[in-house]
Amino acid sequence: MTDLELTRAIAQKGEPAYSAMSLLFERHFRILCRRYRYQFPVLSEDEVVDIVSNSMLVAFEKAHTFKGNSTFQTWLGSIIRNAILNHLDATKRQNHLSIDASETDEQAFENKYIIDEKTPLTEYQLKLLGECVSVHFARFRERNPEASMAIFEHFIENTDFKELSVLLNRSYGATRQFVSKEAAKLRAFLEPCLVHLQL
Amino acid sequence: MSENEDATATQWETTLAGENSSSTSLSDRLLAKMTRDAMLEIGEQLTPSDEMSKRAWMNIEEKARSRGLFNEKQGLLRWFRLDKFQVRVAFAMMATFVLFVWFTIFQVRDQNDIVVLAMRGESQIVIVSDANAEVPELVSEIRGLKLSPNIEKLEGGTLVETPWVINEDTEKWLKQKGFKVSKDGKLRLFLKSSAPQ
């Protein structure tokens, strides 16, 4: 059954509503939690799970208002996003993490990955490259959570620009530009890994 | 990787390499792959565990049950698959319609032409033009009475409903006189106490 058919079953109530809710939960809950944890790293796992759960409950109560003009995830996503922003307001937080003081020493950080220039690329170097990229990507995500979510959603989860534009609350064109620009920024973030491995 | 994943991976390589790159070098491909792996790894870490998902579902289920989301709709709600708001709207519309018809009937009745059919003593027996009370005996009586040659239209009167049912003959007679006979067969009579002038 499609998401629209399931929401109609929920609106009818009774036993079919239970099965429909359960199915929608299975399909979307974990993906939505991951997406919003990517986008809002300042929130803990418990907070995101609570917010997404409560938002799903609200969506089930309002199931009769879902007309299928957008995807169910997009429709529910707007409920979740508002709930998150209200939660951040209420707890007086902004969506960024403070960068660990030990990592402000860029040179010390980069020196970890300096390899002898003459040594050819080995499995060990590939492992180090992988670690370097992981750490740099994590730092990029801390500073640019929305960008990292957008890149993850589009290039890993195949979310199209139309849906992404709704998630990011931007126009279609602005979303494409944003993703392209942030990918270039990420590239710049990752450059030190290549330089130090002499590729 | 599936074909779709291959295509996305290639797209990611090109994007990361930069818009002006016509092809990707080994380093570009390596970087793209490592970043992709890093993103997937973080994605895994951020995805709730099975245990957490199960707890979240139990929580939702309990709250949904307490809010009556699983209850069968009752009565009208069940038969007509309406929610509470729709039922309220339907009842409001029905009530408005009933009130409209009720007032319309009174208005029509008040404006009906009342025709003097006969006179009897000090009472004027009048029959409403769309009279729908059947009084075979009364009609017979009326038949036996001297009919006024000039039928005059009067307004007002006291409404009296009679329990008699119109039979075929009476219906025919009334229709001949230009009266409409209603389906439920009752004749309404207006009795005026004032003496005829």
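First, a word on scope: everything that follows refers to the structure included in this document. (Residues numbered from 1 in each chain as written. Chains lettered and ligands numbered in written order. Predicted model: local features only at pLDDT ≥ 70, side-chain atom pairs only at ≥ 80, totals over all residues. Heavy atoms only, no water.)

What follows deals with the pattern of salt bridges. Applying the stated criterion to the full structure yields 12 salt bridges over all chains. In this structure, the salt-bridge partner of R37 of chain A is E45 of chain A, at a minimum N-O distance of 3.9 Å. Residue classification places R37 of chain A among the buried positions, given a relative accessible area of 15%. Take E45 of chain A: its relative accessible area is 26%, and that puts it in the partly exposed class. Across the salt bridge formed by D37 of chain B and K33 of chain B, the nearest N and O atoms sit 2.8 Å from each other. (Salt bridge = Lys/Arg side-chain N within 4 Å of Asp/Glu carboxyl O. Buried < 20%, exposed > 50% of the residue type's maximum accessible area, 1.4 Å probe, protein only.)

With that out of the way, let us pick up the nonpolar core. Counting residues in each nonpolar core, the largest one holds 74 residues, and the members touching the most others are M21 of chain A together with W12 of chain B. Ranked by residues supplied to this core, first place goes to helix α2 (residues 15-39) of chain A with 10 residues. Those residues in contact with M21 of chain A that sit more than four places away from it in its chain are I10 and F60 of chain A together with W57, A64, L69 and F70 of chain B. (Core = buried A, V, L, I, M, F, W, Y, C linked by side-chain atoms within 4.5 Å. Helix = DSSP H or I, 4+ residues; strand = E, 2+ residues; numbered from the N terminus. Contact = heavy atoms within 4.5 Å.)

As a further point, take helix α3 (residues 45-61) of chain A. Between its first and last C-alpha atoms α3 of chain A spans 24 Å; for 17 residues at 1.5 Å apiece the expected length is 24 Å, and the two agree. Those residues of α3 of chain A lying buried are E47, V48, V49, I51, V52, S53, S55, M56, L57, A59 and F60 of chain A. Among the structural elements, α1 (3-12), α2 and α4 (72-90) of chain A together with α3 (50-66) of chain B are those in contact with the buried residues of α3 of chain A. (Expected span 1.5 Å × (residues − 1).)

Below, the discussion takes up the packing of aromatic side chains. Two aromatic rings are characterised by how far apart their centres lie and by the angle between their planes. Under the defined criterion, the tally for this structure stands at 11 aromatic pairs over all chains. Aromatic side chains Y18 of chain A and W57 of chain B sit 5.9 Å apart centroid to centroid with 65 degrees between the ring planes, which places their arrangement in the edge-to-face category. One end of the pair, Y18 of chain A, is in helix α2; the other, W57 of chain B, is in helix α3, on a second chain. Ring geometry for F66 of chain A against W75 of chain A: centres 5.0 Å apart, planes inclined by 40 degrees, an arrangement best described as tilted. Taking relative accessible area as the criterion, F66 of chain A reaches 7% and is therefore assigned buried. (Phe/Tyr/Trp six-rings, centres within 6.5 Å; stacked < 30°, edge-to-face > 60°.)

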